[in-house]
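Coordinate inspection notes
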Amino acid sequence: MDEIFDLIIIGAGPAGVSAALTARHRGKTALIVTTAPEDSPLYKAEHVDNYPGFHNATGPELVEAFIRHALDSGVKLMRGRALAVADLGGVFGVSVGSEFVQGRSVVLAGGLTRAKPFPGEAEYLGRGVSYCATCDGMLYRGKRVAVVGLSADAPEEAEYLRSIGCEVEYFDSARAKKYAVSGAERVTGLTADGVEYPVEGVFIFRSGLAPDSLLPGLKTEGGHIAVDADMSANLPGVFAAGDVVGAPYQVAKAVGEGNLAGLSACKYVENKTKEEK
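Below is a short write-up of the structure. (Residues numbered from 1 in each chain as written. Predicted model: local features only at pLDDT ≥ 70, side-chain atom pairs only at ≥ 80, totals over all residues. Heavy atoms only, no water.)

1. Examining the nonpolar core
Looking at soluble globular proteins, one finds that nonpolar side chains tend to be buried together. Under the convention used in this document: Side-chain atoms within 4.5 Å are what join buried Ala, Val, Leu, Ile, Met, Phe, Trp, Tyr and Cys residues into a set we call a nonpolar core. Residue exposure (1.4 Å probe, protein chains only): buried if accessible area is under 20% of the type maximum, exposed if over 50%, otherwise partly exposed. Helix numbers and strand numbers start at the N terminus; a helix is a DSSP run of H or I with at least 4 residues, a strand a run of E with at least 2.
In terms of nonpolar packing, the biggest core is built from 75 residues, with Leu108, Leu190 and Val202 touching the most fellow members. With six residues, helix α1 (residues 14–25) is the single largest residue contributor to this core. Core analysis: the second largest hydrophobic core is formed by twelve residues, Val145, Val147, Cys166 and Phe205 among them.

2. Re the sheet that holds strand β9 (residues 167–171)
The cut-off we apply is this: At least two bridges found by DSSP between two strands are what make those strands a pair. Contact definition: two residues touch when any of their heavy atoms are within 4.5 Å. A fitted line through C-alpha atoms represents every axis, and for helices the fit uses only the stretch in contact; the resulting angles, taken between N-to-C directions, go from 0 to 180 degrees.
Across the sheet, which stays open at both edges, the four strands sit in the order β7-β13-β8-β9 with parallel pairing between neighbours. Every interior strand has two partners, whereas the edge strands, β7 (129–130) and β9, have only one. In this structure, strand β8 (residues 144–149) lies alongside strand β13 (residues 201–205), joined through five bridges in parallel fashion. In the sheet register, Val147 faces β13, and the bridge partner there is Phe203. Against the sheet, helix α4 (residues 154–163) touches β8, β9 and β13, its axis set at about 165° to β9.

3. What to know about the state of the cysteines
For the record, the criterion: Note on terminology: disulfide denotes any pair of cysteine sulfur atoms within 2.5 Å.
One pass over the structure, following the stated rule, counts one disulfide. The partner cysteine of Cys132 in its disulfide is Cys135, sulfur to sulfur 2.2 Å. For the disulfide bridge between Cys132 and Cys135, the dihedral angle about the S-S bond is near 70°, and by the sign convention the bridge is right-handed. With relative accessibility at 6%, the residue Cys132 sits in the buried group. A relative accessible area of 34% places Cys135 in the partly exposed class. Left unpaired, Cys166 is separated from the closest cysteine sulfur, that of Cys132, by 13 Å. A relative accessible area of 7% places Cys166 in the buried class.

4. Observations regarding the sheet that holds strand β10 (residues 179–183)
Ordered by their spatial adjacency, three strands build an open sheet running β10-β11-β12, and the pairing between neighbours is antiparallel. Looking at strand neighbours, the two that pair on one side only are β10 and β12 (195–198), the edges of this open sheet. Strand-to-strand twist in this sheet, taken as the mean axis angle between neighbours without regard to direction, amounts to 25°. The sheet contact formed by strand β11 (residues 187–192) and β12 spans four bridges and is antiparallel. Each residue of the ladder has a partner; that of Gly189, found in β12, is Pro198.

5. Quick notes on α4
Definition in use: Directions pointing from the helix axis toward each C-beta atom define the arc.
For α4, the full list of buried residues reads Ala154, Glu157, Ala158 and Leu161. Projected down its long axis, α4 carries its buried residues within an arc of 100°, all on one side. Exposed residues pointing more than 90 degrees away from the buried face of α4 are listed as Glu156 and Ser163. Contact partners of the buried residues in α4: α3 (133–136), β8, β9 and β13. The first or second residue beyond α4 is Gly165, which carries a positive phi of 100°.

6. Digging into the side chain of Ser264
Heads up, the rule is: Polar contact criterion, stated in full: a pair of N or O atoms within 3.5 Å, where within protein one must be able to donate a hydrogen and the other to accept it, and residues adjacent in sequence count only if both atoms are side-chain atoms.
Tracing the sequence through the fold places Ser264 in helix α6 (residues 251–276). A distance of 2.7 Å separates a polar side-chain atom of Ser264 from the backbone oxygen of Asp230. Ignoring sequence-local partners within four residues, the contact set of Ser264 consists of Asp230 and Phe239.

7. What to know about the packing of aromatic side chains
Defined as follows: Two rings from Phe, Tyr or Trp (for Trp, the six-membered ring) form a pair when their centres sit within 6.5 Å of each other. Planes less than 30 degrees apart are called stacked, planes more than 60 degrees apart edge-to-face, and all others tilted. Geometrically, a charge over a ring is one whose NZ (Lys) or CZ (Arg) sits within 6 Å of the ring centre while staying within 35 degrees of the ring normal.
Going through the model one piece at a time under the given rule, you end up with nine aromatic pairs. One aromatic cluster in this structure is built from Phe118, Phe171, Tyr179 and Tyr197. Arg175 extends its terminal NZ or CZ atom over the ring of Phe171, reaching a point 4.2 Å from the ring centre. The residue whose ring lies beneath Arg206 is Phe118, and the NZ or CZ to ring-centre distance is 4.7 Å.

Quick look at the structure:
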């Protein structure tokens, strides 16, 4: 996408959709970047009975209603995993799989990421560890790789790697619980529940990255993004809302915070535009 959006929102849950709708109501362009709906904890809820107007709704019904409302309001939706956010000086660049989008502000609303990096994961990132099959898959054509599938789209990513000639060893939560990446200059193996598998690459697919891994320099407290009263993070132009900023992990709270983050992001964009004139 060549368009520079006013807001790029990472996450299509209640906080992200609320921020996007607020942006549209303020006449701003908004892009939501999200993985599959099935990755959302809300999608897995059997019943949600504490959100006004949706008595006894199921999680899928709420998620689908939120996304439909956003699309009907002119919000753009991009399916993919946000891998990195970078301040390019005046705009933010967001890597989404093998694609790249730009926005004047960013709202982080990807929910709570509980998973910690595996031992060796950070050390070998870019040296055998990857989060993107379409970005890096061709580097491993004809080679043996491990796929750790912790997201709804992981089987599809593994099949893509097979289709381009990789020999794939697939792992999910039913096969193993503990992982560690090993190697020398580059990855040489993946240990799963104490058993080591020789591989030249490890592709790890989670529903999202930890916020401070996604955006270096982002201040966090107790695993949550630290925000001010207006939902602004410590980096100018970056805002956050929903579970990612802390408990209680409730739809109503997320919607309210998303609205506030959207308003704050719009004001930031408006002020930046005035400064540039």
